[in-house]
Amino acid sequence: MPYICYETTAATEMFNIILFGPPGSGKGTQSERLVAKYSLRHLSTGDLLRSEIAAQTALGLEAKKLMDKGILVPDEVVVGMISSCIDQNPHVKGFLFDGFPRTVAQSEALDALLAGKGSSVSLVLFLEVGEQELIKRLLHRGLTSGRPDDTNETVIRERIVEYQRKTTVVAEHYEKVGKVVRIEGEGTVDQIFNKLSGVIDKVSA
């Protein structure tokens, strides 16, 4: 289980990346490669929540209680889980954040959390893929994925619009401090990975 935290010393001097990409952009594939190459921990807030709940931690139990009532887990609980995981993983060189932050408030909370640990968001990468290419990829994926939302073009378009709506505000937040880099997400997997790696290598040098 990749999201369980094992150690108890605070992490410092981390290289932290936020990676965004619309449905069908290949973000999952690129995340796996980046985590492996740069010794990062892939931190998905959804998986982290499930892990905390399974481990029956105090934060996990609190989150489950809210979720069972149909209440969204508040930002402070999610941030608490992220903080715990960072503290307990001093061996990694940094984190690749997936699914968080999605709002300005979450961005500010993450910034404050990392600052308190002597770190910061190092880079925000946006994979950009044209809408028609995304639709084409998802419809093709729907032939084997078993996901009904990959087979309905109307639903796919709605997912793309929702992604754009949520990520625009985060992009604006980090553009103010010059941390956003947009990467063309069309081409082969290797070509896109090389573009991402090139940006990371330049920023981390």
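See the structure printed just above.
Parameters and conventions
Residues numbered from 1 in each chain as written. Predicted model: local features only at pLDDT ≥ 70, side-chain atom pairs only at ≥ 80, totals over all residues. Heavy atoms only, no water. Helix = DSSP H or I, 4+ residues; strand = E, 2+ residues; numbered from the N terminus. Expected span 1.5 Å × (residues − 1). Buried < 20%, exposed > 50% of the residue type's maximum accessible area, 1.4 Å probe, protein only. Arc of directions from axis to C-beta. Contact = heavy atoms within 4.5 Å. Salt bridge = Lys/Arg side-chain N within 4 Å of Asp/Glu carboxyl O.

Undergrad: Lay out helix α1 (residues 27-38) in plain terms, naming residues and giving numbers.
TA: Counted at 1.5 Å a residue, the expected span for α1 with its 12 residues is 16 Å, and the 16 Å between its end C-alpha atoms agrees. Listed in full, the buried residues belonging to α1 are K27, Q30, S31, L34, V35 and Y38. Each buried residue of α1 sits inside an arc of 135° when the element is viewed along its axis, so together they form one side. Exposed residues on α1 whose side chains face more than 90 degrees from its buried face are E32 and A36. Along its buried surface, α1 packs onto β1 (16-20), β2 (40-44), β3 (94-98), β4 (121-128) and α8 (189-204). Just beyond α1, the residue with positive phi is S39, at close to 55°.

Undergrad: Just give me the short version of the pattern of salt bridges, but keep the residues and values in it.
TA: The tally for this structure, following the rule as stated, stands at 18 salt bridges. A salt bridge links R141 to D150; its shortest N-O distance comes to 2.9 Å. R141 sits in the partly exposed class, given a relative accessible area of 32%. For the salt bridge of E153 with R157, the shortest nitrogen-to-oxygen distance reads 2.9 Å. Taken together, the positions of E153 and R157, both in helix α7 (residues 153-175) and 4 residues apart, correspond to about one turn of that helix.

Undergrad: Pulling in residues and values, what's your account of unusual backbone geometry?
TA: Residue F100 is joined to P101 through a cis peptide bond whose omega torsion reads 0°. Along the polypeptide, P101 turns up in the loop between β3 and α5 (104-116). Positive phi outside glycine occurs at S39, with the angle close to 55°. Within the secondary structure, S39 sits in the loop between α1 and β2. At Q56, a residue that is not glycine, the phi angle is positive and equals roughly 55°. By secondary structure assignment, the location of Q56 is in the loop between α2 (45-55) and α3 (58-68).

Keep in mind these numbers describe shape, not what the thing actually does.
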